[in-house]
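# A structural walkthrough
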Amino acid sequence: MKTVQAMLAEAEAAVPRISPEEAKGLVGRPDVLFLDVREPAEVATSGKVPGALAVPRGLVEFRADPGSALHDAAFDRAKTVVAYCASGGRSALVGKTLKDMGYENVRNLGGFKGWLDAGGEVEKG
């Protein structure tokens, strides 16, 4: 039986971290999808990375799978996906899941607070 710590360790090993400074250079690029996996109330309270797609962690697989009735066309395996959440745990797990689903270029930005602390821009809503 796996523990959450073991699952996080696997995810961290599989999905490279990206710094807020590196991520700033990717905002607005058509070949990059920023993915906010926090809950809607979290996003509404603090905002998100400009242009980020907000999909709660529990729905990512359904939105990312082209065969799903809930598929979101913003998901494209040719794009680099930069996932983030509040502290980095959920985004690490989502990153591992996306890699398992065939998304090769996935990065974990970690927590939104790190983005804010680095002076990252915020889109409200």
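Anything mentioned here points back to the structure above.
So, here's what we can say about the structure. Fair warning: this is a prediction, and the values are worked out from it, not measured in the lab.

This next bit is on the overall build of the chain. When helices and strands are counted, the chain shows 6 helices and 4 strands. Counting from the amino terminus, the chain carries its helices and strands in the arrangement α-α-β-α-β-α-β-α-β-α. Considering only C-alpha atoms, the chain reaches an extent of 40 × 30 × 25 Å along its principal axes. Within the chain, the proportion of its 125 residues that are buried is 38%. Carbon and sulfur atoms form 55% of the exposed surface of the chain, whose accessible area is close to 6300 Å².

Leu35, Val60, Phe75, Leu98 and Tyr103 are the most contacted members of the largest nonpolar core, which has 15 residues in total. Sorting the residues of this core by element identifies strand 1 (32–36), helix 4 (60–64), strand 3 (80–85) and helix 5 (89–100) as the ones contributing at least two each. Those residues within four positions of valine 60 in sequence are excluded, and the remaining contacts are Leu35, Val37, Val55, Val94 and Leu98. Ile18, Ala23, Ala52 and Val82 belong to the second largest nonpolar core, which has 12 residues in total.

Bringing the pattern of salt bridges into the picture now. Across all of its chains, the model carries 9 salt bridges by this definition. The shortest N-O distance in the salt bridge between lysine 24 and glutamate 21 comes to 3.2 Å. With lysine 24 and glutamate 21 both in helix 2 (residues 20–24) and 3 residues apart, the pair spans about one turn of that helix. Overall, glutamate 21 belongs to the exposed group, its relative accessible area being 52%. Across the pair glutamate 123 and lysine 48 runs a salt bridge whose closest N-O atoms are separated by 3.5 Å. Here glutamate 123 is found in the segment after helix 6 (112–117), whereas its partner lysine 48 is found in the loop between helix 3 (40–46) and strand 2 (53–54), with 75 residues between them in sequence.

With that settled, the discussion passes to the environment of glutamate 21. Between the C-alpha atom of glutamate 21 and that of aspartate 100, which follows or precedes it by 79 residues, the distance is 27 Å. At 3.2 Å, the side chain of glutamate 21 forms a polar contact with the side chain of lysine 24.

Inspection of the secondary structure assignment puts aspartate 36 in strand 1. Overall, the relative accessible area of 0% leaves aspartate 36 in the buried class. For aspartate 36, the side chain forms a polar contact with the side chain of arginine 38, separated by 2.6 Å. Engagement of the side chain of aspartate 36 in a polar contact is seen with the side chain of tyrosine 84, the distance being 2.9 Å. Sequence-distant contacts of aspartate 36, defined by excluding residues within four places in its chain, comprise Val43, Gly47, Lys48, Leu53, Ala54, Val55 and Tyr84.

Reading guide: rules and limits
- Residues numbered from 1 in each chain as written.
- Predicted model: local features only at pLDDT ≥ 70, side-chain atom pairs only at ≥ 80, totals over all residues.
- Heavy atoms only, no water.
- Helix = DSSP H or I, 4+ residues; strand = E, 2+ residues; numbered from the N terminus.
- Buried < 20%, exposed > 50% of the residue type's maximum accessible area, 1.4 Å probe, protein only.
- Areas by Shrake-Rupley, 256 points an atom, 1.4 Å probe, with all protein chains shown as cover.
- Core = buried A, V, L, I, M, F, W, Y, C linked by side-chain atoms within 4.5 Å.
- Contact = heavy atoms within 4.5 Å.
- Salt bridge = Lys/Arg side-chain N within 4 Å of Asp/Glu carboxyl O.
- Polar contact = N/O pair within 3.5 Å; in protein donor to acceptor, adjacent residues only side chain to side chain.

What is shown is where atoms sit, not what they do.
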